[in-house]
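Geometric and topological summary
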Amino acid sequence: MSRYIATRAIRGANLIVNEAEALLNKALTEKGPETPVAFPNTAYYLPTILGMTGREIGRLGELTSVLQHAQDLLHPLPTTQCWTPYLGETLDSGMATLLAAEIIEAVRFIYGEEPGSIPGFHMAGGSFTSPEFAGEAGANGRLNGPIDDVQLRAWGIQLVDGRMPGFAAIVGCAKSNEVAVKIVRELQKRNILIFLCGNVNGRSVIHQLMEEGVEMGYDTYIVPFGLDTLSAIYPIGFATRSALTFGGMKGGQAKDILLYNRQRVFAFVLALGEVDDLKYAAAAGAINYGFPVIADTRIPQILPTGVTTYEHVISMPFNEIEGKDDLERAEKLVQKCIETRGVKIKLTEVPIPVPYGSAFEGEVVRKKDMRVEFGGKYSRAFEYLRMVDMDQVEDGKVEVIGPGYDDVPAEGAMDLGIIVEVAGRKMQQDFEPVLERQIHYFVNGASGIQHIGQRDIAWIRISKAAADKGFSLRHFGDILHARFMADFGAIVDKVQVKIITKPALHAEWLAKARAAYDHRNRRLADMTDEAVDEFYTCTLCQSFAPTHLCLVSPQRLGLCGAYNYLDCAASYSINPTGPNQPVRKGSVIDKERGIYTGLNEIARAKSQGKVEEVAMYSIMTSPMTACGCFECIVMLIPEANGVMVVSREDTSMTPAGMTFSTLAGMAGGGLQTPGVMGVGKYYLTSPKFIPADGGFKRVVWMSSVLKQTMADELAEVTAREGDPDLISKIADETICTDTDGLLAHLEATGHPALMMEPMF
Ligand code: SF4
Ligand code: ZN
């Protein structure tokens, strides 16, 4: 143990605890002890204080006892004569520093000084729950402040299930902007979450990334917390809350929380540039959590011995790292960090000109930043994966058939078809839909590319930045080849991709794809929910909607329309620990509404307690939640005693006074909203379509595109319902877009809903 580090950490801790005391006293005088204190968008009070001391701080006056606690942890500086083991004192100082830092940040919130800001800073995407701190406020330069609970859960799940190996807290300023970007890209490539804070002589890694145009925000997994070292308390608060949320610990179980982090959370601190007393003290705080600190300057080290297994401080002076240039040195520095913490990482090299990693999955390409789009309002994009014979696939072949997007004006649209052909000795036709659904996740991994939807309502955008870097159509094929081989190598031996833009061929393949979708939908035709004891869960969308779970039964497919019961079964056979698990129905609670003990239990467990009960067959009581992938939205129209069904492809106004995109905001996000449901369009044809509420006869309005594209299926439904003319009694946007018009149409045609029991 280094006396030098102990001395500087203790000195730093004394300094910051004194500062906290002065600031707290000032606030107590100016604002009074009853002033509320809180971090925004979290139910965990001041999380590090809660975790370490069990105190639920809500008022300024309550901070006095926390300060006292921090003061008790302080130690005198080691003398030059006396040698004692310094580790205990160093760790205590670290803890005192964290408590003091959280006190200071909390007080700053009262004064509106947190989160900090940088003029001109813009946060990419940001959090959907806290626009005032992320998205919009980003416009006036605000940095992030604490991560909100919703985001914590989304990332926490990925940390727990291994999609995200860990997080890196970068403190300070890199040797050059180029090095800063390289470090961040290397981390992103490995899906490591990146937290930024601190500065060296006023310059921060945040400035460096900003100057280089690197997008920061929740969307890109890069969170800029603040320009000073104190904002390192936010990553620590994040780690503390992870233990509380996922480790089932309670506030005050300090030791358990620290151990949980040391054993389960693969995090490290990368200190760039000169390390001052406060940084030493904060580093001592981090090593309490078992997070090693790697510095790119020459400092004394703390190496693990028998006693100090995790208390690492590693020095790796940047200019002494072997490498042909700074970029190679940066790469090695990142490797060293990862080795030190022992993070296990699977790296798939995807040969495209933009960065790639699941860090980019949730990235949004806004219209003004877009070079070209495929699908959406002005064009048609579809994707189709099929199995073919071994000798029909040339592995790695990517063909672009038809023109590229060069001739499309900026922000324009064009038609696109993506055909993936796979072959493999273990491949089965049943696996096709499962693999096809991955296209969404695989394509989204590219920086500057946005993918929404599936099948023939896919919607893909290429950003101007990605286009400038040379991202072309063939790169979709390169991504898909690399990822299918890497992730599904057990069943797929060869992959080839056709990217089709040529109009005649596009139409021909679209028809083939639709025939295949239809065939997949119909395979289940005779299977009923009663005939099986088990349904399937789908948690694939939890990376976007952390509390959402689809329950998939033979007669109710996933709301994206791309995963039905057989697909879930196939997915389970490919990956028994994956997102699709069989779940026993259990005993029946309400047969008509489709409420079962087993389904409730799994819904509760997988929604983190957000959903208590789920009804398979009703929109009015405990309806199933939705992520954002639904093909259609079903919504109660109280005036008409029925429901409307709005297709994702319909951009018109609806009788609810909202368009699809506004409605989507209400239906999604994993919330249970009686009267609103996101569904796969094929569910409309199921005898299990809201039977508890009266079934298909409740449909009073429906986007015309559904009437047209599903005419045959709907004819079967109306025959089954004993009302062959029902479709003409159902209004659509060509007939009316308001309730008055709707009621007039229903009365004129004698729609059955008007005669049915009241819906509520
Ligand atoms: Fe699975 Fe539902 Fe997402 Fe479809 S929408 S991928 S069924 S969770
Ligand atoms: Zn989804």
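To start, this report covers the structure provided alongside it. Counting restarts for each chain, with residues numbered from 1 along the sequence as it is written. Chains and ligands are labelled sequentially in the order written, the chains with letters from A and the ligands with numbers from 1. Local features in this predicted model are restricted to residues of pLDDT 70 or higher, and side-chain atom pairs are both shown and tallied only at a pLDDT of 80 or more, whereas totals for entire chains, interfaces and linings draw on every residue. Remark: hydrogens and water are excluded; side-chain values derive from all non-hydrogen atoms of the structure.

Let's talk about the site of ligand 1
What makes a residue near a molecule or strand is one non-hydrogen atom of that residue sitting within 4 Å of it. Close to ligand 1 lie Arg437, Cys538, Leu540, Cys541, Cys550, Gly558, Leu559, Cys560, Tyr563 and Cys627. Given that more than half its atoms are within 2 Å of the pocket grid, ligand 1 belongs to the second largest cavity. Residue composition of the shell around ligand 1, grouped by class: 8 nonpolar, 1 polar and 1 charged. Only protein atoms enter the 1 Å grid used here. Points where a 1.4 Å probe fits but cannot escape make up a cavity, open sets with protein on both sides within 12 Å along at least five of seven lines make up a pocket, and a residue lines them when an atom lies within 4 Å of a point. Put plainly, a molecule is in a cavity or pocket when over half of its atoms are within 2 Å of the grid points there. Residues were grouped as follows: Ala, Val, Leu, Ile, Met, Phe, Trp, Tyr, Cys and Pro as nonpolar; Asp, Glu, Lys and Arg as charged; and all remaining residues, including Gly, as polar.

Topic: the side chain of glutamate 421
Secondary structure elements are taken from DSSP: a helix is a run of H or I of four residues or more, a strand is a run of E of two residues or more, and numbering for both begins at the N terminus. Locating glutamate 421 in the fold gives a position in strand 11 (residues 416-423). Setting aside residues no more than four positions away along its own chain, glutamate 421 makes contact with Arg386, Val388, Val393, Lys494, Val495, Gln496, Lys498 and Trp509. When checking whether two residues touch, look at their non-hydrogen atoms; a contact exists if any pair is within 4.5 Å.

Some remarks on the packing of aromatic side chains
Side-chain rings of Phe, Tyr and Trp (the six-membered ring for Trp) are treated as a pair once their centres are within 6.5 Å; stacked means planes under 30 degrees apart, edge-to-face means over 60, and tilted covers the remaining angles. With the rule as written, the count across this model stands at 22 aromatic pairs. Ring geometry for tyrosine 384 against tyrosine 517: centres 6.5 Å apart, planes inclined by 85 degrees, an arrangement best described as edge-to-face. Within this pair, whereas tyrosine 384 is found in strand 8 (residues 381-387), its partner tyrosine 517 is found in helix 16 (residues 503-522), the two being separated by 133 residues in sequence. Taking relative accessible area as the criterion, tyrosine 517 reaches 4% and is therefore assigned buried. Here a set of aromatic residues connected by ring pairs shows up, and it is made of Phe39, Phe109, Phe167, Phe195, Phe225, Tyr234, Phe238, Tyr289 and Phe291. Directly above the aromatic system of tyrosine 111 lies the positively charged group of lysine 31, at a separation of 4.8 Å from the ring centroid. The side chain of lysine 585 reaches across the aromatic face of tyrosine 596, ending 5.5 Å from its centre. Burial here depends on accessible area, computed with a 1.4 Å probe over protein chains only, as a share of the maximum for the residue type. Under 20% is buried, over 50% is exposed, and the range in between is partly exposed. Charge-over-ring contacts are defined here by two conditions on Lys NZ or Arg CZ: a distance within 6 Å of the ring centre and an angle within 35 degrees of the ring normal.

Digging into the environment of phenylalanine 431
For phenylalanine 431, the location among the structural elements is in the loop between strand 11 and helix 13 (432-444). The class for phenylalanine 431 is buried, based on a relative accessible area of 5%. Each C-alpha atom of the pair phenylalanine 431 and glycine 642 lies 38 Å from the other, and the pair is 211 residues apart in sequence. Those residues in contact with phenylalanine 431 that sit more than four places away from it in its chain are Lys426, Ile491, Ala570, Ser573 and Ile574.

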